[in-house]
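This is what each chain is made of:
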Protein chains: 2
Amino acid sequence: MIYSSELIKGTLKTIVLKLLEDNGRMYGYEITQKVKDLTGDRIQITEGALYPTLHVLEEDGLLVTDVEYIGKRVRKYYRLSNEGKAKTNEKVSELRDFIGTIQFLLDLKPQNS
Amino acid sequence: MIYSSELIKGTLKTIVLKLLEDNGRMYGYEITQKVKDLTGDRIQITEGALYPTLHVLEEDGLLVTDVEYIGKRVRKYYRLSNEGKAKTNEKVSELRDFIGTIQFLLDLKPQNS
DNA sequence: CTGCAATACCTAAGTTTCTTATGTATCTTT
DNA sequence: AAAGATACATAAGAAACTTAGGTATTGCAG
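Calculation criteria
Sequence order as written defines residue numbering, which begins from 1 separately in each chain. In the order they appear in the text, chains get letters beginning with A and ligands get numbers beginning with 1. For this predicted model, a pLDDT threshold of at least 70 governs which residues receive local features, and a threshold of 80 or more governs which side-chain atom pairs are given and counted, while totals over whole chains, interfaces and linings are taken from all residues. Side-chain figures throughout are based on the complete set of non-hydrogen atoms in the structure, without hydrogens or water. A least-squares superposition brings the copies together, and it is based on the C-alpha atoms of residues with pLDDT no lower than 70 in both. In what follows, a contact means two residues having at least one pair of non-hydrogen atoms within 4.5 Å. Residues are labelled near a given molecule or strand when at least one of their non-hydrogen atoms is within 4 Å of it. Distance and chemistry together define a polar contact, namely a pair of N or O atoms within 3.5 Å, with one atom able to donate a hydrogen and the other to accept it when in protein, and with adjacent residues in sequence counting only for side-chain atoms on both sides. Note on conventions: DSSP H or I runs of at least 4 residues are helices, E runs of at least 2 residues are strands, and numbering of each starts at the N terminus. Side-chain classes are defined by residue name, with Ala, Val, Leu, Ile, Met, Phe, Trp, Tyr, Cys and Pro counting as nonpolar, Asp, Glu, Lys and Arg as charged, and the others, Gly among them, as polar. Among the buried residues, those of types Ala, Val, Leu, Ile, Met, Phe, Trp, Tyr and Cys that are joined through side-chain atoms within 4.5 Å form a nonpolar core. Each residue is assigned to one of three classes by its accessible area relative to the maximum for its type, calculated with a 1.4 Å probe on protein chains only: buried under 20%, partly exposed between the two thresholds, exposed over 50%.

1. Overview of the relation of the copies chain B and chain A
Consideration 1: If you rotate chain B by 180° and push it 0.0 Å along the axis, it lands on chain A with an RMSD of 0.0 Å. On the angle and the small slide along the axis, the relation comes out as a two-fold axis.
Consideration 2: A share of 100% of interface residues in chain B that are also interface residues in chain A marks the association as one of identical surfaces.

2. Focus on the protein's contact with DNA strand D
Consideration 1: Within the structure, DNA strand D sits among 24 residues, and Arg73(A), Tyr27(B), Tyr29(B), Arg73(B) and Arg75(B) are positioned closest to it.
Consideration 2: When the atoms of DNA strand D within 4 Å of the protein are sorted by group, sugar and phosphate make up 73%.
Consideration 3: The side chain of Tyr51(B) places a nitrogen or oxygen atom 2.7 Å from a phosphate oxygen of DNA strand D.
Consideration 4: Lys76(B) is positioned with one of its side-chain polar atoms (N or O) 2.9 Å from a phosphate oxygen of DNA strand D.
Consideration 5: Elements represented by at least two residues in the surface near DNA strand D include exactly α2 (12–23) and α4 (47–59) of chain A together with α3 (28–38), α4 (47–59) and β3 (73–80) of chain B.
Consideration 6: A breakdown of the residues in the surface near DNA strand D according to their chemical character gives 7 nonpolar, 8 polar and 9 charged.

3. A closer look at the nonpolar core
Consideration 1: Ranked by internal contacts, the top residues of the largest apolar core, which has 57 residues, are Ile43(A) and Ile43(B).
Consideration 2: For Ile43(B), the contacting residues outside a window of four places in its chain are Phe98(A), Thr101(A), Ile102(A), Leu105(A), Tyr3(B), Ile8(B), Val35(B) and Lys36(B).

Here it is as structure tokens:
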């Protein structure tokens, strides 16, 4: 089962930031594969969603890049800036908190009106 | 603290369906207030987001409506159709599952490369 | 040794879905 | 009497995704 894409919306940035926090540095394609692996294929980040997101995070100063060549093939590594590290903590705790709230809503019992 | 709106995206439909499942029938304005109350103001569904969503769910056959008058003021009550009840179960369990996956990602420990 | 799949980057058009702003009207409270 | 709450609704714009491409290199199976 693959989650409907609308669920991923809104969590994509946070997931990317968290992965970079855990792994130090990663390149785009690696991120798509890592998420796929870690979630047993349930979350599949498309490249069309990921690359623009990475570019925005970089523009916002949260990520910095360095390029490496593997043979002739280019690899663009991303890692967190200091600002990005702070933002990651913010976003991760907001998401944790949000999840708690949603679980509360989902666990409510039917009201007998 | 109010959750950034991007987090709500993707969960709005499911939350609305779940509330209707619990409460039998509700009108739009009531839903916005209920969510606000239940979440201690942390999730605020705007009317600009809610009404179009309700209309879409109705068009999709998941909700049925009946109108009541409170004095001269109109109230449009929504409740789940049979199809809507099935869909609600689907969406709720998908969201529960998704939350589990996200929590797993958020709880991963940093990798010492 | 060739062709396909995987690796690796990227962008653009279109769609969905939300935000923001506005409109209308009634009811309640000060 | 005015302001805020209740209650519906829509429309323009923005954001963020999907889908569909494009380019190029590398590895592997037949």
